[in-house]
Amino acid sequence: MKDCIFCKIVAGEIPSTPLYADDELYAFNDINPKAPTHVLVIPTEHVDGVAALDERPELLGRLMSRAVKLARELGLEEAGYRLVINQGEDGGQSVGHVHVHLLGGRPLNWPPG
Ligand code: 5GP
Ligand code: ZN
């Protein structure tokens, strides 16, 4: 989608550090990490947010599954980690292309602000 920064990242128009890529999914380091590990997992196709995935459980499932696999590959499983999807304004979503945050590498506060 035009003017979507994550679509531009998928297209390589904005540089990113890739951690995983296939036809359907892309994972890269967050530019402003909130924890020692802060990875974003996104679908390569533009989807506004998780609210648009309610009728697409296969894609939603593969998005979450990939985040879990990456957490394992990055060595976070034993200490633990957090997966977050922000939806809409009150949810704190600042980029309108659905993404799963994978956060780990330090104890994370709960509840988040
Ligand atoms: P949200 O607030 O929408 O849940 O999360 C958006 C995330 O995207 C933020 O953590 C922010 O740091 C990250 N982000 C925004 N622009 C860029 C960018 O150009 N490159 C990368 N790698 N991350 C970005
Ligand atoms: Zn997009």
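The preceding data block contains the structure.
What counts and how
- Residues numbered from 1 in each chain as written.
- Chains lettered and ligands numbered in written order.
- Predicted model: local features only at pLDDT ≥ 70, side-chain atom pairs only at ≥ 80, totals over all residues.
- Heavy atoms only, no water.
- Donors = N, O, S within 2.8 Å, 3.2 Å for Na, K, Ca; no water.
- Tetrahedral: all angles 85-135°; square planar, octahedral: opposite > 155°, others 65-115°.
- Helix = DSSP H or I, 4+ residues; strand = E, 2+ residues; numbered from the N terminus.
- Buried < 20%, exposed > 50% of the residue type's maximum accessible area, 1.4 Å probe, protein only.
- 1 Å grid on protein atoms, 1.4 Å probe; cavity = no way out; pocket = protein on both sides within 12 Å on 5 of 7 lines; lining within 4 Å.
- Points joined across faces, edges and corners; volume = space filled by probe spheres on them.
- Nonpolar A, V, L, I, M, F, W, Y, C, P; charged D, E, K, R; others polar.
- Phe/Tyr/Trp six-rings, centres within 6.5 Å; stacked < 30°, edge-to-face > 60°.
- Near = heavy atom within 4 Å.
- Polar contact = N/O pair within 3.5 Å; in protein donor to acceptor, adjacent residues only side chain to side chain.
- Areas by Shrake-Rupley, 256 points an atom, 1.4 Å probe, with all protein chains shown as cover.
- Sits in = over half its atoms within 2 Å of the grid points.
- Pairing = 2+ DSSP bridges.

Asker: Can you walk me through the coordination of the zinc ion (ligand 2) in this structure?
Answerer: Ideal coordination angles are 109.5 degrees for a metal with four donors arranged tetrahedrally and 90 or 180 degrees for a metal with six donors arranged octahedrally. Distances from the zinc ion (ligand 2) to its protein donors, Cys4 (SG), Cys7 (SG), His46 (ND1) and His97 (ND1), fall within 2.1 to 2.3 Å. For the zinc ion (ligand 2), the four donor atoms in the first shell make angles of 106 to 116° at the metal, so the coordination geometry reads as tetrahedral. Of note, the donors binding the zinc ion (ligand 2) are all from one chain and are spaced C-x2-C-x38-H-x50-H. Taken together, the residues histidine 46 in the loop between strand S3 (37-43) and helix H2 (57-73) and histidine 97 in the loop between strand S4 (81-84) and strand S5 (100-104) connect sequence positions 51 residues apart. In this pair, the class of histidine 46 matches that of histidine 97, namely buried.

Asker: What's the story with the layout of surface pockets in this structure? I'm lost.
Answerer: A probe matching the size of a water molecule, rolled over the atoms, marks out where space remains unfilled. Here the largest pocket is characterised by a volume of approximately 700 Å³. What lines the largest pocket is a set of 31 residues, among which Asp30, Lys34, His38, Leu40 and His101 lie closest to the centre. Mapped by element, the contributors of at least two residues to the lining of the largest pocket are helix H1 (5-11), strand S2 (25-29), S3, S4 and S5. A per-element tally of the lining of the largest pocket places H1 first, with three residues. Residue composition of the lining of the largest pocket, by class: 15 nonpolar, twelve polar and four charged.

Asker: Looking at this model, I keep getting lost on unusual backbone geometry. Mind explaining?
Answerer: Phi is mostly negative for residues that are not glycine, and the peptide bonds are mostly trans. Cis geometry marks the peptide bond from tryptophan 110 to proline 111; its omega dihedral reads -5°. Among the secondary structure elements, proline 111 is positioned in the segment after S5. Positive phi, close to 70°, is recorded for aspartate 3, a residue that is not glycine. Among the structural elements, aspartate 3 can be located in the segment before H1. Residue aspartate 3 is classed as exposed on the basis of its relative accessible area, which comes to 58%.

Asker: Help me understand the packing of aromatic side chains in this model?
Answerer: For any two aromatic rings, the description comes down to two numbers: the centre-to-centre distance and the angle of the planes. Under the criterion given, the structure shown has two aromatic pairs. Residues phenylalanine 6 and phenylalanine 28 carry aromatic rings whose centres are separated by 5.4 Å and whose planes lie at 80° to one another, so their mutual orientation is edge-to-face. In this pair, phenylalanine 6 is assigned in helix H1 and phenylalanine 28 in strand S2, connecting sequence segments 22 residues apart. Pair check on accessibility: phenylalanine 6 and phenylalanine 28 agree, each one buried.

Asker: Help me understand the site of ligand 1 in this model?
Answerer: Around ligand 1, 18 residues are found, and the nearest of them are Asp30, Asn86, Ser94, His99 and His101. Here an oxygen atom of ligand 1 and a backbone polar atom of glycine 92 are 3.0 Å apart. For ligand 1, an oxygen atom lies 3.0 Å from a polar atom in the backbone of valine 95. Taking 520 Å² as the accessible area of ligand 1 by itself, protein coverage stands at 85%. Spatially, ligand 1 is embedded in the largest pocket.

Asker: How should the pairing of strand S1 (residues 18-21) be read in this particular structure?
Answerer: Two faces, one strand: in a regular strand the side chains alternate between the faces of the sheet. Where S1 lies against S2, three bridges are found, and the strand directions are antiparallel. Across the sheet, the residue bridging to tyrosine 20 is alanine 27, located in S2. What sits between the antiparallel neighbours S1 and S2 is a turn of three residues.

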